[in-house]
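This is what each chain is made of:
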Amino acid sequence: MRLAEVGADGQGRIARATVDVHGRGLAAQVAARYVAGAGVARLRVGDDAVAAAARGIDAAVAVEVVPSLAVERADAPAELVDPTARALGAGALAALRAIREALGSTTP
């Protein structure tokens, strides 16, 4: 079990999920790494670099490159001024939202 906090049922839902990771660059790579690490079965990403980031965490994850997903959608907490910190925050937030969606959570 990768995320003990969600229990076996939650981990099963995550394992059956398909997640779209929007954007490119550091934010998208962080999001892809986090959701791959959480055990998502299938990812759809915008470019090869993001696909490689996900496969670097879990070689078994199925990754499809869909160029239309390369459009940035990430948002980050406004208090993060440094561009790298903003990208990391945006990626982590996108991953958290994807995992919550896979779990069926309605919490924002």
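Draft legend 1. The packing of helix α2 (residues 26-38) against helix α4 (residues 83-103), seen in detail. For the pair α2 and α4, the least separation of the axes is 7 Å and the interaxial angle reads 35°. Of the two possible hands of crossing, α2 and α4 adopt the one that is right-handed. Residues Leu26, Ala27, Val30, Ala31, Tyr34, Val35 and Ala38 of α2 form the contact with α4, whose participating residues are Thr84, Ala87, Leu88, Ala90, Gly91, Ala92, Ala94, Ala95, Ala98 and Ile99. Per-class residue counts for the contact of α2 with α4 are 15 nonpolar, 2 polar and no charged.

Draft legend 2. Structural context of the side chain of Asp47. Along the polypeptide, Asp47 turns up in the loop between β2 (42-45) and α3 (48-57). Of the side chains bearing the opposite charge, Arg24 lies closest to the buried Asp47, which forms no salt bridge; the N-O distance is 4.2 Å. At 3.1 Å, the side chain of Asp47 forms a polar contact with the backbone nitrogen of Ala49. Excluding anything up to four places from it in sequence, Asp47 contacts Arg24 and Val65.

Draft legend 3. Up close: the pairing of strand β3 (residues 62-65). The pairing of β2 with β3 spans 4 bridges and is classified as parallel. Its bridge partner lying in β3, Leu43 is registered against Val63. In this fold, the crossover linking β2 to β3 by way of α3 has right-handed handedness.

Draft legend 4. Main features of the nonpolar core. By size, the foremost hydrophobic cluster in this structure holds 22 residues, and its most contacted members are Val19, Val21, Val35, Leu43, Val45, Ala54 and Val63. Elements with a contribution of two residues or more to this core: β1 (18-21), α2, β2, α3 and α4. Of the residues forming this core, the biggest block, 6 residues, is contributed by α2.

Draft legend 5. View of α2. A rise of 1.5 Å per residue sets the reference length of α2, with its 13 residues, at 18 Å; its end C-alpha atoms lie 18 Å apart and thus fit the reference within 8%. Listed in full, the buried residues belonging to α2 are Ala27, Ala28, Val30, Ala31, Ala32, Val35, Ala36 and Ala38. Those residues of α2 hidden inside the fold are in contact with α1 (7-16), β1, β2, α3 and α4. Within two residues after α2, Gly39 carries a phi angle of roughly 105°, on the positive side.

Draft legend 6. Structural detail: the sheet that holds β1. What the 3 strands build is an open sheet, ordered β1-β2-β3; its pairing is parallel. In this open sheet, the two strands that pair with only one neighbour each are β1 and β3. Recorded for the sheet is a direction-independent mean angle of 20° between the axes of neighbouring strands. Contacts from α3 reach β1, β2 and β3 within the one sheet, and its direction differs from that of β3 by about 175°.

Draft legend 7. Spatial organisation of the pattern of salt bridges. Tallied over the full model, the rule gives 4 salt bridges. The partner of Asp9 in a salt bridge is Arg13, with the nearest N and O atoms 2.9 Å apart. One end of the pair is Asp9 and the other is Arg13, both in helix α1 and 4 residues apart, which spans about a single turn. The salt bridge partner of Arg42 is Glu64, with a shortest N-O separation of 2.5 Å. With a gap of 22 residues between them, Arg42 in strand β2 and Glu64 in strand β3 connect regions that are remote in the sequence. Arg42 gets classed as partly exposed once you look at its relative accessible area, which sits at 33%. For Glu64, a relative accessible area of 31% gives the class partly exposed.

What counts and how
Residues numbered from 1 in each chain as written. Predicted model: local features only at pLDDT ≥ 70, side-chain atom pairs only at ≥ 80, totals over all residues. Heavy atoms only, no water. Axes fitted to C-alpha atoms, helices over the stretch in contact; angles between N-to-C directions. Helix = DSSP H or I, 4+ residues; strand = E, 2+ residues; numbered from the N terminus. Left-handed = near helix turned anticlockwise from the far one by under 90°. Contact = heavy atoms within 4.5 Å. Nonpolar A, V, L, I, M, F, W, Y, C, P; charged D, E, K, R; others polar. Buried < 20%, exposed > 50% of the residue type's maximum accessible area, 1.4 Å probe, protein only. Lys, Arg positive; Asp, Glu negative; His and termini not counted. Salt bridge = Lys/Arg side-chain N within 4 Å of Asp/Glu carboxyl O. Polar contact = N/O pair within 3.5 Å; in protein donor to acceptor, adjacent residues only side chain to side chain. Pairing = 2+ DSSP bridges. Right-handed = clockwise from strand over helix to strand, strands pointing away. Core = buried A, V, L, I, M, F, W, Y, C linked by side-chain atoms within 4.5 Å. Expected span 1.5 Å × (residues − 1).

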